[in-house]
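# Close look at the chain arrangement
The lines below spell out each chain.
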Amino acid sequence: MTSSSSNSSKAKDLKNLLTPLEKTAKQLEISAPNRQSIFDKAVAYTEQYLENLKEATVYYRDYERSKTLFDHPINEEAVDFNHLLTLYKDYVEKDGLNAASGGHLGYIPGGGLYPAALGDFIADVTNRYAGVFFANPGAVRMENMMIRWMRDLVGFPETTEGHLASGGSMASLSAIVTARDAYELKGADFANTVVYMTDQVHHAIHKALRIGGLGEVVQRAVPMDEGYRMIPKALKAQIEADRKEGLKPWMVVGSAGTTDVGAVDPIEGIAEITRQQNLWLHLDAAYGGFFLLCESGQERLKGLDQADSIVMDPHKGLFLPYGTGALLVKKGQYLHQSHYYKAAYMQDADEASGEISPSELSPELTKHFRGLRMWLPLKLFGLKAFRAALEEKIQLARYFYERLRNTTGIEVGPYPDLSVVLFRYVPESGDPDDFNARLIQAVHEDGRIFMSSTTIEGHVYLRAAILSFRTHLATMDQAYEVLMEKVEELED
Ligand SMILES: *Cc1c(COP(=O)(O)O)cnc(C)c1O
C-alpha cells in the first residue's frame, strides 16, 4: 500500500496537469454570445441560398474547383467561421447538382424540407440517443410513432415492426436479410434458391443480395409488359418451371415505382401468386410509397398491404433531406430475429420494456435520431400539404407527358404510373441514341434544369422525375422550353 501523503501528491500533480488541459479543452464549448453569432451567420448564409434558389443553376459541371478544399487541411489552428462558410459556398455549394432546387428532375429528387433541418438541429444540439428505449423513451417513441404511421398508411397490421434507416439501400439490405432468415436459408441452400424480379428493379436490391451473402442465389428476370411492369402470369410460369427443376423459389421483389420509368408492378396479381406459392413478397417502394398519401397514387398502389416487407424513402416522397429511409416488416418478429443481439454492457437497457428499441430491429446501435426530422415537418405542416404536393407531382407528370406527346419528333414512353416521364427525341436523320446522348449533355451544360438519361433495351432515353416539393407548373414549362431549345440547336 502506498502512503496517503504520496497519494495526495500524485493527485496534486494530476491537478496541475488538468488545469491547462481543461482550459484548452473548454474551447469546444462555445459561449452563448458566440453561439448566437455563428448561428446567425449560418442562418444568414442559408437564407441567402434559399432566396437565390429560384434563379440558381441546377447543374454546373466543374470537377476541378473543389480540389481547393485540400489546400485547406485540418490542422492545429482554429479558423474563423465566416471563412469556413466561404469555403463551403465556393467549393461545395456551387458545383454539381443543386438537389434542393425544384429544377432537379433527374434520378429521384426529394428536396429537403426546411423544418426537417431544424429537427436535425435540435436533435443534434440535444444529442438524444434514439437507439434504445432505456436511454430515451421519448425519442424511441417518436421513431416508433413514425413507423406506426407508415404502417397504417400502407395498411399493415399491428404485428408490423420497422426502422428508420439512412436510405432505401440500407433498408433493402435489412429486408433481404430478414427474408433470408425467415426462410431459414443457409449457405448450402443458396445455389438452389430463386429470387424473382424484373430488369427494372433498382440496383440496391442486387447490391443487398450480394452484401447479404446471397450472391449465389438464382436471380430470375421476369418478363414485363409494355409499361415495364412485371407480368404476373410469367412470374407464375417461371416459379412452376423452377419447382419442376428442383429449385426453391424464395422471394419476389416487386417495384412500387421503378426508378427508370416510375412503373408500378401489378401488386395484387403478384401477391396472389406469392401467397399461393408461399414466397416472401418484398416491395421496393423507396420512390413510390408515399404516393399513398394522394388519391391518384392510391389508385396505382393498390395491394401494397399484401407485401411481407416494404421499403419507402422519406427522403424522396416526404421531401426530407437526404438520409432517411424506412423498412416495414409485416411479421415483425422476423425483423427482430435477424437484428436482435444481447450484450452484457447493455444489461441496464434490457430492464426497460415500454417499447421495442430501434437497435433491436436494425443493424445500427448508435444512430442518428431520424424520427425528429420526420415528425417535425409532418406535424408542423399537417398531412394536407403533403397530399396536395404529391397529387401535384402526379398531375405535373401527366401535364409534361401531354406536352411532349404533342410535340413533333418526341417519342414518349409509357403513360406515367406515378411521376416519372420517359421520352426521347427522334431526329430527322441520324442515330437517335447518339442524338439523345448529346441532348442530355446539352441540357446538363445549360444547367437551368436537370434531367438524367437512361438506357432501356439498348436505347437512350431521357427522363423527367418529378418529386421535389419545389417543382411546380412553371418548372415544367421551363423544362420543356430548355428541351426544345436544345433540340433545335442540335438539329441545326
Ligand atoms: C432511391 C431508390 C432506392 C435506393 O434508395 P437510397 O435511399 O438511394 O439508398 C431503391 N429503390 C428505388 C426504387 C429507388 O428509387
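Now for a description of the structure that goes with this document. (Residues numbered from 1 in each chain as written. Predicted model: local features only at pLDDT ≥ 70, side-chain atom pairs only at ≥ 80, totals over all residues. Heavy atoms only, no water.)

Here we take up the overall build of the chain. What the chain contains, in helices and strands, is 17 helices and 13 strands. Considering only C-alpha atoms, the chain reaches an extent of 95 × 60 × 40 Å along its principal axes. For the chain, the proportion of its 492 residues judged to be buried stands at 48%. Within the chain, contacts between residues at least 6 apart in sequence are counted, and of these 76% link residues at least 24 apart. Surface summary for the chain: the accessible area is close to 24,400 Å², and the carbon and sulfur share equals 53%. (Helix = DSSP H or I, 4+ residues; strand = E, 2+ residues; numbered from the N terminus. Buried < 20%, exposed > 50% of the residue type's maximum accessible area, 1.4 Å probe, protein only. Contact = heavy atoms within 4.5 Å. Areas by Shrake-Rupley, 256 points an atom, 1.4 Å probe, with all protein chains shown as cover.)

Let's shift gears to the pairing of strand S5 (residues 218-221). Bridge analysis of strand S4 (residues 193-197) against S5 gives four bridges, and the strand direction is parallel. Paired with Val-195 across the two strands is Gln-219, which belongs to S5. In this view, the connection linking S4 to its parallel neighbour S5 by way of helix H7 (residues 203-211) has right-handed handedness. (Pairing = 2+ DSSP bridges. Right-handed = clockwise from strand over helix to strand, strands pointing away.)

Further remarks concern the pattern of salt bridges. Applying the stated criterion across every chain yields a total of 27 salt bridges. Glu-22 is the partner of Lys-26 in a salt bridge, and the nearest nitrogen-oxygen pair spans 3.1 Å. Residue class for Lys-26 comes out exposed when judged on its relative accessible area of 53%. The partner of Glu-392 in a salt bridge is Lys-393, with the nearest N and O atoms 2.8 Å apart. We classify Glu-392 as partly exposed; its relative accessible area is 26%. For Lys-393, a relative accessible area of 0% translates into the label buried. (Salt bridge = Lys/Arg side-chain N within 4 Å of Asp/Glu carboxyl O.)

Attention now moves to unusual backbone geometry. In this model, Phe-319 sits at a positive phi of 65°, which is unusual for a non-glycine residue. Summarising the element assignment, Phe-319 is placed in the loop between helix H11 (314-317) and strand S9 (325-329). By relative accessible area, which is 2% here, Phe-319 ends up buried. Even without a glycine there, the phi angle at Glu-457 is positive, about 50°. Structurally, Glu-457 is set in the loop between strand S12 (452-456) and strand S13 (459-465).

The subject of this paragraph is the packing of helix H14 (residues 370-381) against helix H15 (residues 383-405). To characterise two packed helices, one gives the angle between the axes of the helices and the distance between these axes. One can describe the packing of H14 onto H15 by two numbers: an axis separation of 6 Å at closest approach and a directional angle of 95°. Between H14 and H15, the angle falls in the class roughly perpendicular. Note on element contacts: H15 touches H14 through Leu-383, Ala-385 and Phe-386, opposite Pro-377, Leu-378 and Phe-381. The residue makeup of the contact of H14 with H15, split by class, is six nonpolar, no polar and no charged. (Axes fitted to C-alpha atoms, helices over the stretch in contact; angles between N-to-C directions. Parallel < 35°, antiparallel > 145°, perpendicular 65-115°, else oblique. Nonpolar A, V, L, I, M, F, W, Y, C, P; charged D, E, K, R; others polar.)

Counting residues in each nonpolar core, the largest one holds 55 residues, and the members touching the most others are Met-150, Leu-235, Phe-291, Leu-304 and Ile-310. Ranked by the residues each element gives to this core, the list is headed by helix H5 (residues 137-154), at five residues. Every residue in contact with Ile-310, bar those within four places of it in the chain, is listed here: Val-154, Phe-156, His-282, Leu-283, Ala-285, Leu-304, Ala-326, Leu-327 and Leu-328. Met-197, Val-201, Ile-205 and Leu-214 belong to the second-largest nonpolar core, a separate cluster that totals 28 residues. (Core = buried A, V, L, I, M, F, W, Y, C linked by side-chain atoms within 4.5 Å.)

Now for the packing of aromatic side chains. Summed over the entire model, instances satisfying the criterion amount to 14 aromatic pairs. Between Tyr-425 and Phe-435, the aromatic rings sit 5.0 Å apart at their centres with planes inclined by 35°, giving tilted as the arrangement. Of this pair, Tyr-425 sits in strand S11 (residues 420-425) while Phe-435 is found in helix H16 (residues 432-446), placing the two residues 10 residues apart along the sequence. Both residues of the pair, Tyr-425 and Phe-435, count as buried. Grouped by ring-pair contacts, the aromatic residues Phe-319, Phe-381, Phe-386 and Phe-469 constitute a single cluster. (Phe/Tyr/Trp six-rings, centres within 6.5 Å; stacked < 30°, edge-to-face > 60°.)

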